[in-house]
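Read off the chains here:
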Amino acid sequence: MTEGRSPSDVFRAGAQRGWNVIDASALAEDRTLEADVAIVGTGAGGGTAAEILARAGLSVVMIEEGPLATSSDFHMRESEAYPQLYQESAARKTKDRAINILQGRCVGGSTTVNWTSSFRTPPATLAHWAGEYGLAGFGESDLAPWFERMERRLSIAPWPVAPNENNDVLRRGGEALGIKVESIRRNVRDCWNIGYCGMGCPTNAKQSMLVTTIPAALERGATLLTRARALALRWSGTRAIALECAGLDARGTDPTARRVRVRAKTFVAAGGAIGTPALLLRSELPDPDRLVGKRTFLHPTVVSAALMPERVDGFSGAPQAIYSDQFLASAVSGPIGYKLEVPPIHPVLAAITLPGYGAPHADWMHQLAHVQVIIALLRDGFHPESAGGTVALRADGTPVLDYPLNDYLWEGARRALLTMAEIQFAAGAKTVMPVHASGVRYRTWDEARRGLATLPLAPLVAPVFSAHVMGGCPIGVDPKRSAVDAAGRYRHLDNLYVFDGSLFPTSIGANPQLSIYGIVAKLATGLAQALRA
Amino acid sequence: MANQTSAAFRPGRRTFLKVGVAAGAALLLVRCLRAPAPSPATPAAFALPAATRAIFAAIVPVMLDGALPEGAEAASARRDALQSIEATIGGLPPAARDELADLFSLLDFAPTRCLVAGVWSSWTEASTEAIAAFLDRWRTSRLALLRSGYAALHQIVLGAWYAQPRAWPAIGYAGPPSLEGA
């Protein structure tokens, strides 16, 4: 840790006021904690729930597997950020290793490292949940007040600054082709527009859980336990009794022998859509219809890189400012749709994404400042042929997601690669390279159109990425199809709630943070009222 | 590489079966042969086994051809690359480290090195061409298992090199901005 450069490092100030923060990697002995509510996970779901429950006067313990890292620790270096702040050092893979998953693992979860893009749940998604799953009370107008509340809380607003060139290529190319592009709303205050959201915001501009709801909960007496892995819930009959946690070592990779037991009246699982099903599976909870950990969705994402004649400097400026939903407009039940966005282009992320090695790879890296990248996020989970993945446990109890990539998804991936190349050429690209193990590249749109039509697409031939993990504990009304009821309560235990992205019956079709904030705000407010009654 | 056609991904069915059976058997074999790795006593103690380090030392100049500096800086750059690779792997969770250990057992054990990687001399003596041929064979293999092995090497070696500030001037990246004076 270095000297705090920012006087607004809320945790440095809070520590002096006696906030209860326990680092389980540094415990000299086993501990037992007690609370009204124990919340596993401090991301979008756990963070939102913690503030609401603490404000309701309940005693809260938050359990986080990752470290507490704050603005003073955020040095904008990938070599520090990925091992420190991401699940599996940002190299989390699906079972066949075909999909690389970027997911936060630190206080604030993915909200600490996301790219600040804020979308309400698309109406087509909510309509599908109501129609296909009979989910009442989660329509556009039902959720609007909850979205408004969280938008105010997290300063979600239009971004008035001009997009960086990486985003502007998507805008220009899209407009040239008559593809509708729009501006992304962001959860920032006094943002410096430097572009390092993915490595932890060094200026506390991003209104993540780390600087908003978690400090608010701590201010009201909540306890934060870090570097503690939730192993399993102890339960009896229809009640959860205690949560068993293992300390992790200082590097955060290996469990130690240190144990922390958390006794609580109510438990909230909010470890994300891989972590929450894994906790429930390790706890061997009743699950007669085997729903837990099934139908896990990823927004499988394919990538198109381009070389532009002018500098792009994709490592600089707000990473996501422009998007297009043009290719989500068709019926959710038809061929898979996709959302278009751009990613930040930092050296490590670029190096591991660009295909090939040796001189051809180095050649693209030497031109990094001219590289432009578009990503297409496939909207999975709406079609019978898009059943998502399954969370299972390895021998050591850690989770692994088996997510088969099938022809239904590859058909959409091919259309998406075509769309992205066409946009890049329309914006003036000299060369377009679909991210593909062949390293194939095209000099004209016509060449790309013909080449992409027959390019073989298969796992580990066309690399696929994901930054959005959803589903696996679906909310609903039909006990045969939903693991939790419409209040977010696990169907087979009276005092266990699921408040995170695992609730979603399908993918969202947009960056999910605001969907989690809004839906969890509604559910946690309901829980707070029930517990005070 | 840019000119390679998609045919590289469609080898004949017979090749697929032969390599498939061989690789599956080889992986089972090395899992039996590999002694369980001792857990590091403290986080700082993580170090790559010497054999793994030697394989990376052979692969690094090929994967980073065109990226590593030449001349006086070459040796220290290779050393830094290896150190960054070690740090990268040390940051992975135990299950991922175990999977990598399987992969490197397969590459280290001479019969599987010959059979599955197609490298007939020891790694320290393997030619640049032999190592590039191995990387290309795995990159374009019909077998997802071998493609995933290539993908792991790609991600670790290239990611580790460009994680270091010394790699940045050559790619026009000035590093993070200074926030001083805020």
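Bear in mind the structure is a predicted one, so any value in this text is a computation, not a measurement.

Caption draft 1: Quick peek at the overall build of chain B. Secondary structure assignment for chain B yields seven helices and zero strands. The buried share of chain B, taken over its 182 residues, is 36%. For chain B, long-range pairs separated by at least 24 residues make up 69% of all intrachain contacts whose partners lie at least 6 apart in sequence.

Caption draft 2: Here's a closer look at the overall build of chain A. When helices and strands are counted, chain A shows 14 helices and 24 strands. Over its C-alpha atoms chain A spans a radius of gyration of 22 Å, differing by no more than 12% from the 24 Å that the globule rule assigns to 533 residues. Its C-alpha atoms put chain A at 65 × 55 × 45 Å along the principal axes. A burial count over chain A gives 62% of its 533 residues as buried.

Caption draft 3: Spatial organisation of the domain arrangement of chain A. All names here are of chain A. If you check the domain split of chain A, you get domain 1 (10-154 + 207-293 + 471-532) and domain 2 (165-191 + 301-379 + 406-458). Each of domain 1 and domain 2 has a C-alpha centre, and these two points are 31 Å apart. Of the residues lining the interface, 12 residues belong to domain 1; the matching set on domain 2 comes to 17 residues. Only β6 (117-118) and α5 (123-133) provide two or more residues apiece to the side of domain 1 that touches domain 2. Counted by class, the side of domain 1 that touches domain 2 contains four nonpolar, seven polar and one charged residues.

Caption draft 4: Representation of the interface of chain A and chain B in the model. Every contact between the two is made by 53 residues of chain A and, on the other side, 43 residues of chain B. The set of elements that each furnish at least two residues to the side of chain A that touches chain B consists of α3 (78-85), α10 (347-353) and α11 (358-366) of chain A. Its residues assigned to classes, the side of chain A that touches chain B comprises 26 nonpolar, 14 polar and 13 charged.

Caption draft 5: Layout of the environment of arginine 394 of chain A. Within the fold, arginine 394 of chain A resides in the loop between β19 (390-393) and β20 (399-402). Those residues in contact with arginine 394 of chain A that lie beyond four places of it in its chain are Val400 of chain A together with Ala95 of chain B.

Caption draft 6: Here's a closer look at the packing of helix α3 (residues 74-90) of chain B against helix α7 (residues 144-162) of chain B. All names here are of chain B. Packing of α3 against α7 leaves a shortest axis separation of 8 Å and a crossing angle of 115 degrees. Overall, the two elements α3 and α7 adopt an arrangement that is roughly perpendicular. Regarding α3 and α7, the two cross each other, and that crossing is right-handed. Residues Ala81, Ser84, Ile85, Thr88 and Ile89 of α3 touch α7, and the partners they reach there are Ile156, Val157, Gly159, Ala160 and Trp161. Partitioning the contact of α3 with α7 into residue classes produces seven nonpolar, three polar and no charged.

Reading the values: the criteria
Residues numbered from 1 in each chain as written. Chains lettered and ligands numbered in written order. Predicted model: local features only at pLDDT ≥ 70, side-chain atom pairs only at ≥ 80, totals over all residues. Helix = DSSP H or I, 4+ residues; strand = E, 2+ residues; numbered from the N terminus. Buried ≥ 20, exposed ≤ 12 C-beta atoms within 10 Å, placed from the backbone. Contact = placed C-beta atoms within 7 Å. Rg over C-alpha atoms; globule rule 2.2 N^0.38 Å. Domains from an automatic or database assignment. Nonpolar A, V, L, I, M, F, W, Y, C, P; charged D, E, K, R; others polar. Axes fitted to C-alpha atoms, helices over the stretch in contact; angles between N-to-C directions. Parallel < 35°, antiparallel > 145°, perpendicular 65-115°, else oblique. Left-handed = near helix turned anticlockwise from the far one by under 90°.

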